[in-house]
Amino acid sequence: MPADLTGTYLTLADGRPAVRFSRVYDHPVERVWHFVTDPGELAAWFPSRAEMELSPGGAIRFSGDPNMPESTGRVLAVDPPRHLSFAWGGDELHFDLEEAGPGRTRFTLTDVLSAADTAARNGAGWEVCLTALDAKAGGERHEGPHTGASAPWKEFYDGYRAAGVPSGAPVPGLD
């Protein structure tokens, strides 16, 4: 059965490639903000442990992914509880939250890519990570890995490639 792809590959107005995902959660914006900014909440779904100084220019320390070395990034913009963007590796991640009705939040993640050929790989990775976030937001426990080579992302990766999304970048832990 083919993967149900929820991401969109796009070219931003400035010409940079990106993948974008959107979800609606039955939580107020402030709660979803904690999913995005609290290290303990992030650990349940984000690819690396992330500890951040929530101010423009603030440092972010990434650790805990067995296929990636520890690294640092920096906060590019923050407008609690509506927007957070930061540099991670060569990418920029943008998290935008908006009210989607009483007690509901539209969550949008845009991964601005360092290179177009990372789109299928990153899109597949975000599918797996956001499945874990969906479970967390629904009050469920997500079993299984959401990062690394053992994560069940290959079906998504193949789906993005079949859809014509740029691919070819090395896959950490496999290449």
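Provided above is the structure to which this section pertains.
A short tour of the structure in this document, coming up. This structure is a prediction, so every number in the text was calculated from the model and none was measured.

### Some details on the overall build of the chain
Reasoning step 1: A count of helical and extended segments in the chain gives four helices and eight strands.
Reasoning step 2: In summary, the chain has a C-alpha radius of gyration of 15 Å against a globular reference of 16 Å for 175 residues, a match within 12%.
Reasoning step 3: Across the chain, contacts joining residues at least 24 apart in sequence account for 53% of those joining residues at least 6 apart.
Reasoning step 4: For the chain, the accessible area works out to roughly 8,500 Å², and carbon and sulfur atoms hold 51% of it.
Reasoning step 5: Here the chain contributes 15 positive and 25 negative side-chain charges, whose respective centroids are spaced 0 Å apart.

### Digging into the side chain of histidine 27
Reasoning step 1: With respect to the helices and strands, the residue histidine 27 is situated in the loop between β2 (17–25) and α1 (29–37).
Reasoning step 2: The buried category is assigned to histidine 27, whose relative accessible area is 18%.
Reasoning step 3: If sequence neighbours within four positions are ignored, histidine 27 has contacts with Val32, Phe35, Gly103, Arg104, Thr105 and Ala137.

### Considerations on the sheet that holds strand β5 (residues 71–79)
Reasoning step 1: Reading across the sheet, the eight strands line up as β1-β2-β8-β7-β6-β5-β4-β3 and stay open at both edges, with antiparallel pairing between neighbours. Each end of this open sheet is capped by a strand with a single partner; those strands are β1 (8–11) and β3 (49–52). Within the sheet, the average angular offset between the axes of one strand and its neighbour, ignoring direction, is 25°.
Reasoning step 2: Of the pairings in the sheet, the one linking strand β7 (residues 91–99) to strand β8 (residues 105–112) comprises eight bridges and is antiparallel in character. The residue of β8 that forms the bridge with glutamate 99 is threonine 105.
Reasoning step 3: Across the face of the sheet, helix α3 (residues 119–137) comes into contact with β1, β2, β6 (83–88), β7 and β8 while running at roughly 15° to β2.

### Details of the packing of aromatic side chains
Reasoning step 1: All chains considered together, the criterion is met by 14 aromatic pairs.
Reasoning step 2: Measuring from centroid to centroid gives 5.9 Å for phenylalanine 62 and phenylalanine 86, while their planes differ by 40°, and the two rings are tilted. Of this pair, phenylalanine 62 sits in strand β4 (residues 59–63) while phenylalanine 86 sits in strand β6, and the two are 24 residues apart along the sequence.
Reasoning step 3: Here a set of aromatic residues connected by ring pairs shows up, and it is made of Tyr25, Trp45, Phe46, Phe62, Phe86, Trp88, Phe95, Phe107 and Trp126.

### A few points about the pattern of salt bridges
Reasoning step 1: As enumerated under the stated definition, the model contains 10 salt bridges in all.
Reasoning step 2: Note that arginine 16 is salt-bridged to aspartate 14, the shortest N-O span being 2.8 Å.
Reasoning step 3: Between glutamate 41 and lysine 136 there is a salt bridge, with the nearest N and O atoms lying 2.9 Å from each other. Here lysine 136 lies in helix α3 and glutamate 41 lies in helix α2 (residues 39–42), a separation of 95 residues in the sequence.
Reasoning step 4: With a relative accessible area of 13%, glutamate 41 lands in the buried category.
Reasoning step 5: Judged by its relative accessible area of 25%, lysine 136 falls in the partly exposed class.

### A short note on the environment of glycine 90
Reasoning step 1: Its location among the elements puts glycine 90 in the loop between β6 and β7.
Reasoning step 2: You can call glycine 90 exposed: its relative accessible area is 57%.
Reasoning step 3: When the C-alpha positions of glycine 90 and glycine 73 are compared, they lie 9.3 Å apart, and in sequence the two are 17 residues distant.

### Remarks on α3
Reasoning step 1: Here α3 contains 19 residues, and its C-alpha end-to-end distance of 26 Å stays within 8% of the 27 Å for a straight helix at 1.5 Å per residue.
Reasoning step 2: Among the 19 residues that make up α3, 14 are buried, leaving the element largely enclosed by the rest of the structure.
Reasoning step 3: One or two positions beyond α3, positive phi appears at glycine 139, with a value near 80°.

What counts as what
- Residues numbered from 1 in each chain as written.
- Predicted model: local features only at pLDDT ≥ 70, side-chain atom pairs only at ≥ 80, totals over all residues.
- Heavy atoms only, no water.
- Helix = DSSP H or I, 4+ residues; strand = E, 2+ residues; numbered from the N terminus.
- Rg over C-alpha atoms; globule rule 2.2 N^0.38 Å.
- Contact = heavy atoms within 4.5 Å.
- Areas by Shrake-Rupley, 256 points an atom, 1.4 Å probe, with all protein chains shown as cover.
- Lys, Arg positive; Asp, Glu negative; His and termini not counted.
- Charge placed at Lys NZ, Arg CZ, Asp CG, Glu CD.
- Buried < 20%, exposed > 50% of the residue type's maximum accessible area, 1.4 Å probe, protein only.
- Pairing = 2+ DSSP bridges.
- Axes fitted to C-alpha atoms, helices over the stretch in contact; angles between N-to-C directions.
- Phe/Tyr/Trp six-rings, centres within 6.5 Å; stacked < 30°, edge-to-face > 60°.
- Salt bridge = Lys/Arg side-chain N within 4 Å of Asp/Glu carboxyl O.
- Expected span 1.5 Å × (residues − 1).

By themselves these figures say nothing about function.
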